[in-house]
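If you want the building blocks of each chain, they are given just below.
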Amino acid sequence: MTSPPASVLPDWGPLVDHHCHGLVLTDLDRAGFEALMNEAVGPSPLGTTLFDSMLGLAIRRHCSPLLDLEPLAPAEAYLARRLELGAAEVNRRLMSAAGIDTLLVDTGLGEGVICGPDELAGIAGGTAREIVRLEQVAEQVLRAGTSDFAGDVVARLRSAQGAGAVGAKSIAAYRVGLGLPAAKPSAVELDRALAGASPLRLVSMPVSAWLAHTALELGLPLQFHVGYGDSDLDLLDCDPLRLTAFLRATQERGVPVLLLHSYPYHRNAGYLAQVFDHVFLDLGLSTHNTGALSRTLYAETLELAPFGKLLFSTDAYGLAELYLIGALLFRAGLGGVLDDLVAAGDMTAADGAYVGRLVAGDNARRAYALD
Amino acid sequence: MTSPPASVLPDWGPLVDHHCHGLVLTDLDRAGFEALMNEAVGPSPLGTTLFDSMLGLAIRRHCSPLLDLEPLAPAEAYLARRLELGAAEVNRRLMSAAGIDTLLVDTGLGEGVICGPDELAGIAGGTAREIVRLEQVAEQVLRAGTSDFAGDVVARLRSAQGAGAVGAKSIAAYRVGLGLPAAKPSAVELDRALAGASPLRLVSMPVSAWLAHTALELGLPLQFHVGYGDSDLDLLDCDPLRLTAFLRATQERGVPVLLLHSYPYHRNAGYLAQVFDHVFLDLGLSTHNTGALSRTLYAETLELAPFGKLLFSTDAYGLAELYLIGALLFRAGLGGVLDDLVAAGDMTAADGAYVGRLVAGDNARRAYALD
Amino acid sequence: MTSPPASVLPDWGPLVDHHCHGLVLTDLDRAGFEALMNEAVGPSPLGTTLFDSMLGLAIRRHCSPLLDLEPLAPAEAYLARRLELGAAEVNRRLMSAAGIDTLLVDTGLGEGVICGPDELAGIAGGTAREIVRLEQVAEQVLRAGTSDFAGDVVARLRSAQGAGAVGAKSIAAYRVGLGLPAAKPSAVELDRALAGASPLRLVSMPVSAWLAHTALELGLPLQFHVGYGDSDLDLLDCDPLRLTAFLRATQERGVPVLLLHSYPYHRNAGYLAQVFDHVFLDLGLSTHNTGALSRTLYAETLELAPFGKLLFSTDAYGLAELYLIGALLFRAGLGGVLDDLVAAGDMTAADGAYVGRLVAGDNARRAYALD
């Protein structure tokens, strides 16, 4: 159930983080740090510090040594040392220890707060590729003013593809839930939906559905936020099973659909990855949030998910800590499950290493045609 | 996965049982005992005895020694010895071994069948505080006859507060499901709903919603039955995620909302406790029903739930056995998870003891302002 | 979490497989074999071989030795050896090693592709009894032409009973979901539904509901496909909790309702088996698909399910491998959970053996009145 020491973590080569965000480059006090930790806005006046969580323990355990402290140093001491070293040094130390060499960066969140893909790649010592957030592109087109919304969106997506973007991201989960229709909304339906839409925050099922279908038509691998997130979403509407009709309708196209985070619906996501050719999944946000208990999630996901369909991501945002523990807990969690299977005679050591390399990077390289 | 012997259970001090019921004070034959064991009415003619369950094993293992029998004595022998000793002696032995010193007693069920809070506290050697059941208060007001339902309910709740009640309980899950509206029903909506309502059994979403909003307005911490229960409820309607709109609307008020039992939706309940300031949760009824396998539930709950938001309860009703095994399995289940984390280096021993004390009582004392 | 070696598997006597299908009797190339492995149509062009799964590992580990290969032989070597030995010899070896002596065979699928119950029983060295698939009977009646659909269906079901059928199977999950009404549709409702129905593939809630109610009226134990299946179904509609109203309405009749597969809703199915007298459940299809990780499913199911209500099945179709690993993983999974409970002092060794025998066969013999 718990994580092995980092020293015995498996070496599957450099990781491909297929869904992540930029870093905050400035120093953070305790309130600033806690605001970036998990999906709560901050510590509750009725509760205790956000460090009182599996995530908090994972940060204290795994990041402290990289800041020259003992493992599990108290939160106060950790945050003081973090300020002492300065954000740049902390980011450099944690990112280089994460062992990620390819970062697919969702650029649709946190402009002005976190750094962009190139700066992130520089700090990580890797390369970054862009993932375009569909709802943001749509809002940009509306705010710019347009007489041809569909044409303008397609043009922007093609332009992003030309500039190296390797996929698109839908946040339908946050806006309208995942019950996307099987058929692409018509031009008339789209116009009708846009008539009442706010360009600041598009909340429209026809628009989100049109964007998702359009991304696949353009051949862009399509990420969906699935499951767990902040209190803006209705988690019941974020069960990936709600995508079933959409997936049935889009399978023939042969463009990957990638289910992000998945928790607590990761078994459902694993099922979809088995029965639909084009479905992949990850445990991004869920891994660092559940800390040492994330290993259970990997075991549950592997029950049905084909080994060729599971991906690694951190979904890290803002804090370099989330990159470090995301990568480390992934190696520990998946590695621990595989090690147990090998030890019990349920797979060979070669099988285990092969599966580890698939999930650590090979599956992502195949899905996004990165090579 | 299984429970350690009681001798190595952690000592987190006396427990606060934040949700429980009174005891049957008379002797019970086998049929009477089985009728009180779990959420079945009794053993099925198509199945076997209710002792053939994780709950039955837990009773046989942990309660037998307190009745001078070997652990896991056969059910027949256990029940014979129980009769031999008499209900008063059995209740005394089991309750004093449970180690509970504060009992928040839901008084809305079993009048005339089980004892009241004061008698319960006397047997347990602790103190009892009342939790007022909202639907019962509403039905009492209707049965008494009223020209001002709202005013009379508020008066009764205030009176209970004045007499020491520390919280309210909603059984909306049993009556109408948990899809409570974000807005408090208006006086007109309430009147319309009451027009067709039975004073014997109120089944009305506007009434249940009005009661829940009203309890929070009065500053009463509000318990919701969530998840698993008997065959009267529709478990699909008891997913705590259905409370999302209600929780979003009531967070600002800063009054605790406490999700009871949670199973099999305990991961969802843990998520809600992370993203909403005022949400707490427990695994009451689920702990004794799943017996030695309840440890998995604690591990799954701790994945996302803040350590400052998880509470202990037994949800015991009628049988002192349910108090004893509820308390013991809680210590074993949570303690086992914490011990594993400490052993793996994922938390310090001091961290583990701190978390244990939070859940055993400190969180409840803070949520209900008991001190 | 993983399976013990077969040599230490518990001996609970011959198994009753209460839900299975016939075997393919001809040789299979790789494409033919993979098409029969799991709920995918075949390997995805975006993924890897279907052997890259828990199911694939289980086949390689447990079936290879029976074909004179080392455990975990590569898939290519396994399939070559399978061809070399020939289907008849492979079927004979694997089926006799499975240790199943009674097979309740769903005859509603794969006519002309797989063998019938008698041939299957001959290969297994056991006896077979028929389970009648309700939707198939209804389609046969419609295709034959009828002026009395209800009467003709009842006559066919009575005739099957007379010929030795021991139960009926509903695939409402695949056609209309599990939200069956509490009341049997009237003759008028049935006629109206049949007016627009295709005799090739009946997709009608009133018809599926009428069939299910009718089977129980005739005293036929009624199996429901529940949960996980291929991409034809909408898994959200296959949660057994959707059956709650139907179960509440039919409990009094005292005829068993048996929930098949259950995953990922096996905890929900366990709850239903506790609170409704006539509900039983299994983990058929889920056991072989999750391979060595299936043990977790048994632990989670036993949390609430009465020990007298859980059944064994393989849901094997086409491949003798699925019979072998279904039976072996069942013994390993349930046996592993029981062994752990015994080792921890949570049940006696005699308790463990008793529960094993209940689930391996006694519960099925009681539910279907097989003796």
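- Naming follows an unreviewed UniProt entry, where chain A appears as Amidohydrolase family protein of Nocardioides bigeumensis.

## What to know about the overall build of chain A
Here is step 1 of the chain: Per the secondary structure count, chain A includes 16 helices and 8 strands.
Here is step 2 of the chain: In summary, chain A has a C-alpha radius of gyration of 20 Å against a globular reference of 21 Å for 371 residues, a match within 12%.
Here is step 3 of the chain: In terms of its C-alpha atoms, chain A occupies a principal-axis envelope of roughly 60 × 50 × 40 Å.
Here is step 4 of the chain: Residues counted as buried form 65% of the 371 residues belonging to chain A.
Here is step 5 of the chain: Taking contacts inside chain A between residues at least 6 apart in sequence as the whole, the part at least 24 apart equals 76%.
Here is step 6 of the chain: About 11,500 Å² of surface is accessible on chain A, with carbon and sulfur atoms providing 52% of the total.
Here is step 7 of the chain: In chain A, the 27 positive side-chain charges and the 43 negative ones have mean positions that sit 2 Å from each other.

## Some remarks on the environment of D232 of chain C
Here is step 1 of the chain: Positionally, D232 of chain C belongs in the loop between β5 (222-226) and α11 (244-250).
Here is step 2 of the chain: Residues D232 of chain C and E39 of chain C, 193 residues apart in the sequence, show an inter-C-alpha distance of 9.8 Å.
Here is step 3 of the chain: Once you skip the residues sitting within four places of it in the chain, D232 of chain C turns out to touch R248 of chain A together with Y174 of chain C.

## What to know about helix α12 (residues 266-275) of chain B
Here is step 1 of the chain: Of all 10 residues in α12 of chain B, 10 are buried, a share of seventy percent or more.
Here is step 2 of the chain: Among the residues of α12 of chain B, those classed as buried are H266, R267, N268, A269, G270, Y271, L272, A273, Q274 and V275 of chain B.

## Brief notes about the interface of chain C and chain B
Interfaces are frequently sized by the accessible area removed from exposure as the parts join.
Here is step 1 of the chain: At the junction of the two partners, chain C supplies 38 residues and chain B supplies 40 residues.
Here is step 2 of the chain: Carbon and sulfur atoms supply 59% of the area buried between chain C and chain B, which totals about 3,200 Å² over both sides.
Here is step 3 of the chain: One can count 4 salt bridges joining chain C with chain B.
Here is step 4 of the chain: The residue R248 of chain C makes a salt bridge to D234 of chain B at a minimum N-O spacing of 3.6 Å.
Here is step 5 of the chain: Counting across the interface, chain C meets chain B through 15 residue pairs in polar contact (both at pLDDT 80 or more).
Here is step 6 of the chain: Among the secondary structure elements, those contributing two or more residues to the side of chain C that touches chain B are α11, α12 (266-275), α14 (294-302), α15 (320-343) and α16 (349-367) of chain C.
Here is step 7 of the chain: Among the elements that take part in the side of chain C that touches chain B, α12 of chain C stands out by supplying 5 residues, more than any other.
Here is step 8 of the chain: Of the residues assigned to the side of chain C that touches chain B, the class counts are 18 nonpolar, 8 polar and 12 charged.

## Description of the relation of the copies chain C and chain B
Superposition of the two copies of the chain requires a rotation about an axis together with a shift along that axis.
Here is step 1 of the chain: Overlaying chain C on chain B yields an RMSD of 0.0 Å, the required transformation being a rotation through 120° with an accompanying axial translation of 0.0 Å. Taken together, these values place the two copies in the relation of a three-fold axis.
Here is step 2 of the chain: Mapped onto chain B, only 3% of the interface residues of chain C are again interface residues, and the two copies thus contact each other with different surfaces.

## Here we look at the interface of chain A and chain B
Here is step 1 of the chain: Listed as interface residues are 40 residues of chain A and, on the opposing side, 38 residues of chain B.
Here is step 2 of the chain: Taking both partners together, chain A and chain B bury about 3,200 Å²; carbon and sulfur atoms supply 59% of that area.
Here is step 3 of the chain: Here chain A and chain B share 4 salt bridges between them.
Here is step 4 of the chain: Linking chain A to chain B there are 15 residue pairs in polar contact (both at pLDDT 80 or more).

## A closer look at the packing of aromatic side chains
Here is step 1 of the chain: According to the stated counting rule, one finds 27 aromatic pairs over all chains in the structure shown.
Here is step 2 of the chain: Judged by centre distance (5.9 Å) and plane angle (90°), the rings of Y271 of chain A and Y228 of chain C are edge-to-face. Of this pair, Y271 of chain A sits in helix α12 (residues 266-275) while Y228 of chain C is found in the loop between β5 and α11, placing the two residues in two different chains. In this pair, the class of Y271 of chain A matches that of Y228 of chain C, namely buried.
Here is step 3 of the chain: On the basis of an interplanar angle of 65° and a centroid distance of 6.4 Å, the ring pair of F33 of chain C and Y78 of chain C is categorised as edge-to-face. With F33 of chain C in helix α1 (residues 30-35) and Y78 of chain C in helix α3 (residues 75-85), the pair connects residues that are 45 residues apart, well separated along the chain.
Here is step 4 of the chain: Residue Y78 of chain C is classed as buried on the basis of its relative accessible area, which comes to 0%.
Here is step 5 of the chain: Each residue in the set W12, Y298, F312 and F330 of chain A is aromatic and connected to the rest through ring pairs, giving one cluster.
Here is step 6 of the chain: One residue, K309 of chain B, lies across the ring of F280 of chain B, its end atom 5.4 Å from the ring centre.

## Some words on the pattern of salt bridges
Here is step 1 of the chain: With the rule as written, the count across this model stands at 57 salt bridges over all chains.
Here is step 2 of the chain: Its salt-bridge partner being D351 of chain A, residue R60 of chain C comes within 3.1 Å of it at the nearest N-O pair. With R60 of chain C in helix α2 (residues 54-63) and D351 of chain A in helix α16 (residues 349-367), the pair connects residues from two separate chains.
Here is step 3 of the chain: The exposure class assigned to R60 of chain C is buried, which follows from its relative accessible area of 9%.
Here is step 4 of the chain: We note a salt bridge from D68 of chain C to R93 of chain C, for which the minimum N-O separation is 2.9 Å. Here the residue D68 of chain C occupies a position in the loop between α2 and α3, and R93 of chain C occupies one in helix α4 (residues 87-98), the gap between them amounting to 25 residues.
Here is step 5 of the chain: Three or more residues are tied together by salt bridges with common partners; here these are D68, R81, E84, E89, R92 and R93 of chain A.

Each value, and the rule that gives it
- Residues numbered from 1 in each chain as written.
- Chains lettered and ligands numbered in written order.
- Predicted model: local features only at pLDDT ≥ 70, side-chain atom pairs only at ≥ 80, totals over all residues.
- Heavy atoms only, no water.
- Helix = DSSP H or I, 4+ residues; strand = E, 2+ residues; numbered from the N terminus.
- Rg over C-alpha atoms; globule rule 2.2 N^0.38 Å.
- Buried < 20%, exposed > 50% of the residue type's maximum accessible area, 1.4 Å probe, protein only.
- Contact = heavy atoms within 4.5 Å.
- Areas by Shrake-Rupley, 256 points an atom, 1.4 Å probe, with all protein chains shown as cover.
- Lys, Arg positive; Asp, Glu negative; His and termini not counted.
- Charge placed at Lys NZ, Arg CZ, Asp CG, Glu CD.
- Buried area = accessible area lost by both parts, 1.4 Å probe.
- Salt bridge = Lys/Arg side-chain N within 4 Å of Asp/Glu carboxyl O.
- Polar contact = N/O pair within 3.5 Å; in protein donor to acceptor, adjacent residues only side chain to side chain.
- Nonpolar A, V, L, I, M, F, W, Y, C, P; charged D, E, K, R; others polar.
- Least-squares fit on C-alpha atoms with pLDDT ≥ 70 in both.
- Phe/Tyr/Trp six-rings, centres within 6.5 Å; stacked < 30°, edge-to-face > 60°.
- Lys NZ or Arg CZ within 6 Å of the ring centre and 35° of its normal.

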